[in-house]
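The residues making up each chain are set out below.
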Amino acid sequence: MSAVEPQVQMEGASSTSTSSCHASCLTCSSKSGPLHTYRKASSFCSYQMKQLLEGKWLDRKREIFDILERDPIFRAGTMNNMRDLTRDEWLESVIEQVKRLVEYGLHADGDPIANAVFSECVGCHNFSLVVRFSLHILLFRLCCQFLGTEVHQTLAEKSKNLEVYGCFALTEMSHGTNAKAIRTTATYDATTQEFIIHTPDMEATKMWIGNLGKTANHVVLWAHLHLSATGPSLGIHPFVVQIRSLVDHLPMPGVLVGDMGHKLGQNGLDNGFVSFDNYRVSRDALLNRFANVTPDGRYETVVEDPDKRVALFFSALSSGRVMIAYYSTCNLKMAVSIAVRYSACRKQFGPNEPEELPVLEYPLQQARLLPLVASAYALHFYCWWQLDQFNHWWQQMQAVQPDQILNSNMNELLNEIHSLASGSKPLASWIAQSGIQTCREACGGHGYLAVNRFGDLREDNDPNCTYEGDNSVLIQQTAKFLLTTLKAVLTGKKLKSPLGTVKYVEEVLVEDRIRCEATTESAICQVDVIVAALKQRALTHLKMSAERLQAKLGEGEDVFTAWNSSQVFYLQSTAIAHMDYTTSRVFAEQIARCAQPKLKLVLEKLCVLYGISRLQTDFITLREHDYMSSEQIQMLKHGFINLCGQLKSESVSLVDALAPPDAILNSPIGASDGKPYQRLYNAMMTAPKSLERADWWKSLKGSQLPVPGSLKSKL
């Protein structure tokens, strides 16, 4: 499936033409109010934009949302309804919702795109729920199916009804991103045909394992494999290990397992810790698709190179990183929907008293929010494209024998997908995290009220920046891939880029200096010009990084030191510039396929605004390397302001196309009816105990009152 599927070819609907539009279209509604004022000014129909964004999945999303709205277990499990629960009650509420999801059968085995649709809908409702469900149904089961063999499929089957409830344990107390340095061991005992799982000390305790704290009874465990007590490590390998009884849910003998407690967010997810004291498991515990230990203790593998073997083991993690980028984008979509709708209703000041203007009319507010709307659209189209590429690779991997993988182009495709996932997770989660905070501030004091959801969105998105790889460390994988590509180009080797995302690196061989030729603001604010500028910026940073690295090596630094000396201002900037270019290029390519002129025009404006916003902090690179003149950069600044002004009247319809239903968005100030004050007042009046006298009221009366200075020292 492609991110953009051409719909019925028409010129796009205006708000004045309702005859062919869907009954749920907000743009074409006859309702009045502040939001409808903006909707009437929109040049396109929000429902048709939603069709373009969702393609064939629109009805499926409506079906899932309808279940989440209608079922009483899900209604009771919204973030606002769970806020006053104890943590144990919170965990129980979420597990009841997990069971309900299983009963409805809403997820789709083996279909990454269908599962992304499912995950977005459930995540909009309650992010702890989708993470708790996905870690088990998707990641744990995926590891059993992809890394295991026939013997492990029984566990995968039992996971469907939650008889086997799983999690994924890689991170340890003292090691996370440096996965090769974990110290949990799995030593083979040929006399009993068992592995002995052992945690050597406190620092090797597995930590931050989602679902482990109270729920899971099995774990995909990563440990160093030894063939004997004195033998060397053969590297980290995956094992599937039972940690709790299937009868009474108590820990297995030799297993110490517990819950980590409250976190900054996602407290409906039970992150836990586990350690092992010479815990014995059968030989079948090894997930052995790519490496196996025979009964007599011989090691067999279809991938002799240990680095490539570990890369195949961890290829399952690429799916997680792809999904984290998607989750982050979903969080950003909800945040901008709330902020734009509220800004269209909230009035402050005006040119003539007592007239007041919606704060959305102010250029400063537009400059805060409209680039984030553009980012939400750009990341949406990119994430769908990336999911499509991952799905293509995944289907191929399932069909090929293990010993054929490294001899096919799938290994090259895996490397490129890994580089994209390692770059898109940081990009999307960073943009979302800062964007949610900007939206919160743009809504003033009301944005700080928990019921309006910015706190939940911000804290639930926060771990996206660190799990499955700290962003600042993970994105180095993208930089490494780019430098490897550059080296291949400079040495005349064939460029290996099945997806074409690094094809542009070949342009480093062009000796003629390239400059932007636009001479007017209109000319420079075109999609192709902005994408070209992003590409040139990416090439410039790549060349600067290569030169920096070479200079450090020339100064006598070893590779490790030179690499780290080249991170700040160089390698990280290179990876970010590459992802900025890639997301913009993909966005532009998808827009080019749009058959509806009115939708296409507004999407092009969003693409340009996104591109300028990504260049905004790095104009100096374009100027210093003479790609753009000072006058051209001024044109970009003016174009940025003007685009925000042009998109102001489109903004409500733009977020209408992004937002989930009101019951799912669950934000009084972000509802689609444009009645933020009425909804906010109702929320305050119906909040638990909001109108009741405090239980501790007597502490403010009579003898309970403090005596001023009574505790002051007499010395």
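Conventions adopted
- Residues numbered from 1 in each chain as written.
- Predicted model: local features only at pLDDT ≥ 70, side-chain atom pairs only at ≥ 80, totals over all residues.
- Heavy atoms only, no water.
- Helix = DSSP H or I, 4+ residues; strand = E, 2+ residues; numbered from the N terminus.
- Rg over C-alpha atoms; globule rule 2.2 N^0.38 Å.
- Contact = heavy atoms within 4.5 Å.
- Areas by Shrake-Rupley, 256 points an atom, 1.4 Å probe, with all protein chains shown as cover.
- Lys, Arg positive; Asp, Glu negative; His and termini not counted.
- Charge placed at Lys NZ, Arg CZ, Asp CG, Glu CD.
- Patch = residues over 30% accessible without salt bridge, like charges linked within 9 Å, V, L, I, M, F, W, Y side chains within 5 Å.
- Salt bridge = Lys/Arg side-chain N within 4 Å of Asp/Glu carboxyl O.
- Buried < 20%, exposed > 50% of the residue type's maximum accessible area, 1.4 Å probe, protein only.
- Pairing = 2+ DSSP bridges.
- Phe/Tyr/Trp six-rings, centres within 6.5 Å; stacked < 30°, edge-to-face > 60°.
- Axes fitted to C-alpha atoms, helices over the stretch in contact; angles between N-to-C directions.
- Parallel < 35°, antiparallel > 145°, perpendicular 65-115°, else oblique.
- Nonpolar A, V, L, I, M, F, W, Y, C, P; charged D, E, K, R; others polar.
- Core = buried A, V, L, I, M, F, W, Y, C linked by side-chain atoms within 4.5 Å.
- Expected span 1.5 Å × (residues − 1).
- Disulfide = S-S within 2.5 Å.
- Left-handed = near helix turned anticlockwise from the far one by under 90°.
- pLDDT = per-residue confidence, 0-100.

### A few points about the overall build of the protein
Here comes step 1: Each helix and strand in the protein was counted, giving 25 helices and 13 strands.
Here comes step 2: Computed over the C-alpha atoms, the radius of gyration of the protein is 27 Å, within 12% of the 27 Å expected from 2.2 N^0.38 for a compact globule of 715 residues.
Here comes step 3: C-alpha atoms of the protein, sized along the principal axes, occupy 90 × 85 × 75 Å.
Here comes step 4: Restricting the contact set of the protein to residue pairs at least 6 apart, pairs at least 24 apart contribute 74%.
Here comes step 5: When the accessible area of the protein is evaluated, it comes to approximately 30,500 Å², of which 53% is carbon and sulfur surface.
Here comes step 6: Considering the protein, the positive charge centre built from 70 side chains and the negative charge centre built from 74 side chains are found 4 Å apart.

### Section: a nonpolar patch on the surface
Here comes step 1: Together, L449, Y681, M684, M685 and L691 line one region of the surface with nonpolar side chains, adding up to about 500 Å² of accessible area.
Here comes step 2: Its location among the elements puts L449 in the loop between α13 (410-442) and α14 (454-461).

### Focus on the pairing of strand β2 (residues 185-189)
It is a general feature of regular strands that their side chains alternate between the two faces of the sheet.
Here comes step 1: Among the five residues in β2, five count as buried, and that is most of the element.
Here comes step 2: Burial of β2 is two-sided: the residues T185, T187 and D189 facing one way and the residues A186 and Y188 facing the other way are all buried.
Here comes step 3: Sheet topology note: the β2/strand β3 (residues 194-198) ladder contains five bridges and is antiparallel. Bridged to Y188 within β3 is F195.

### Side note on the pattern of salt bridges
Here comes step 1: The tally for this structure, following the rule as stated, stands at 38 salt bridges.
Here comes step 2: Ionic pairing is found between E203 and R183, a salt bridge with its closest N-O pair at 3.9 Å. Of the two residues, E203 sits in the loop between β3 and β4 (206-209) while R183 sits in the loop between β1 (166-169) and β2, which places them 20 residues apart along the sequence.
Here comes step 3: Look at E203 and you get partly exposed, because its relative accessible area is 41%.
Here comes step 4: Judged by relative accessible area, R183 falls into the partly exposed class, the value being 26%.
Here comes step 5: Beyond isolated ion pairs, a larger network of salt bridges with shared partners links R39, R341, D656 and D662.

### A few points about the packing of aromatic side chains
Here comes step 1: Tallied over the entire structure, the rule returns 20 aromatic pairs.
Here comes step 2: Arranged with centres 5.3 Å apart and planes meeting at 85°, the rings of F127 and Y327 form a pair that is edge-to-face. Here Y327 lies in helix α11 (residues 315-345) and F127 lies in helix α8 (residues 127-147), a separation of 200 residues in the sequence.
Here comes step 3: Among the residues examined, F127 registers a relative accessible area of 3% and is labelled buried.
Here comes step 4: Each member of the aromatic cluster is reached from another via a ring pair, and the members are F146, F168, W222, F290, F313, F314, F390, W393 and W394.

### Points about the environment of E355
Here comes step 1: Within the secondary structure, E355 sits in the loop between β12 (347-348) and β13 (357-358).
Here comes step 2: With residues up to four places along the chain from it excluded, the contact list for E355 reads F349 and G350.

### What about the sheet that holds strand β7 (residues 255-259)?
Here comes step 1: An order of β4-β8-β7 is seen for the three strands of this open sheet, with the pairing classed as antiparallel. The open sheet terminates on both sides in strands that have one partner only, identified here as β4 and β7. Between one strand axis and the next, the sheet turns by 20° as a mean value, whatever way the strands run.
Here comes step 2: With two bridges connecting them, β4 and strand β8 (residues 272-276) associate as antiparallel partners. Bridge pairing links K206 to V274 in β8.

### Notes on the packing of helix α2 (residues 46-54) against helix α20 (residues 597-615)
Here comes step 1: Taken N-terminus to C-terminus, the directions of α2 and α20 make an angle of 70°; their axes are 10 Å apart at the nearest point. The orientation of α2 with respect to α20, classified from their angle, is roughly perpendicular. Facing α2, whose interface residues are Q48, M49 and L52, α20 presents L599, V602 and L603.
Here comes step 2: Of the residues in the contact of α2 with α20, the class split is five nonpolar, one polar and no charged.

### Things to note about α2
Here comes step 1: In terms of burial, α2 is a largely internal element, eight of the nine residues being buried.
Here comes step 2: S46, Y47, Q48, M49, K50, L52, L53 and E54 are the residues of α2 that are buried.
Here comes step 3: Buried residues along α2 sit against α3 (58-70), α12 (363-399), α20 and α23 (651-658).

### Observations concerning the nonpolar core
Here comes step 1: Judged by nonpolar contacts, the single largest core of 192 residues is most densely connected at M49, Y377 and W393.
Here comes step 2: Sequence-distant contacts of W393, that is, excluding residues within four places in its chain, are made with F146, S315, M410, L413, L414 and I417.
Here comes step 3: Listed in part, the 25 residues of the second largest apolar core include A216, L221, L225 and I243.

### Quick notes on the environment of Y326
Here comes step 1: Structurally, Y326 can be placed in helix α11.
Here comes step 2: On the basis of relative accessible area, Y326 is assigned to the buried category, the value being 1%.
Here comes step 3: Filtering out sequence-adjacent residues up to four positions away, Y326 remains in contact with A116, E120, C383, W384 and L387.

### Focus: helix α22 (residues 630-648)
An α-helical turn contains 3.6 residues, so any two residues separated by three or four positions project in the same direction.
Here comes step 1: Helix length check: α22, at 19 residues, gives a terminal C-alpha distance of 27 Å against a target of 27 Å (1.5 Å per residue), a fit within 8%.
Here comes step 2: The set of residues buried in α22 consists of Q632, I633, M635, L636, G639, F640, L643, C644, L647 and K648.

### Side note on the side chain of H226
Here comes step 1: Residue placement: H226 occurs in strand β5 (residues 218-226).
Here comes step 2: We classify H226 as buried; its relative accessible area is 15%.
Here comes step 3: Once residues within four sequence positions are removed from consideration, H226 is found in contact with T185, A186, T187, Y188, G231, P232 and S233.

### Looking at unusual backbone geometry
Here comes step 1: The linkage connecting E353 with the following residue, P354, adopts the cis geometry, with an omega of 0°.
Here comes step 2: For P354, the position within the fold is in the loop between β12 and β13.
Here comes step 3: Its identity is not glycine, yet Q266 carries a phi of approximately 50°, on the positive side.
Here comes step 4: With respect to the helices and strands, the residue Q266 is situated in the loop between β7 and β8.
Here comes step 5: For Q266, a relative accessible area of 3% puts it in the buried group.

### Some words on the state of the cysteines
Here comes step 1: Tallied over the entire structure, the rule returns zero disulfides.
Here comes step 2: C144 takes part in no disulfide bond, and the closest cysteine sulfur, belonging to C143, lies 7.1 Å away.
Here comes step 3: On the basis of relative accessible area, C144 is assigned to the buried category, the value being 0%.

### Describing the packing of α12 against α13
Here comes step 1: Their axes nearest at 9 Å, the elements α12 and α13 cross at an angle of 155°. As the angle between them shows, α12 and α13 are arranged roughly antiparallel. Where α12 crosses over α13, the handedness of that crossing is left-handed.
Here comes step 2: Taken together, the residues of the contact of α12 with α13 break down into 19 nonpolar, nine polar and two charged.

### Brief notes about the confidence of the model for the protein
Here comes step 1: Looking at the protein as a whole, the pLDDT averages 92, with 96% of positions reaching at least 70.
Here comes step 2: Contacts from residues 1-19, a stretch scored under 50 in pLDDT, to residues over four places away or in other chains number 51 contacts.

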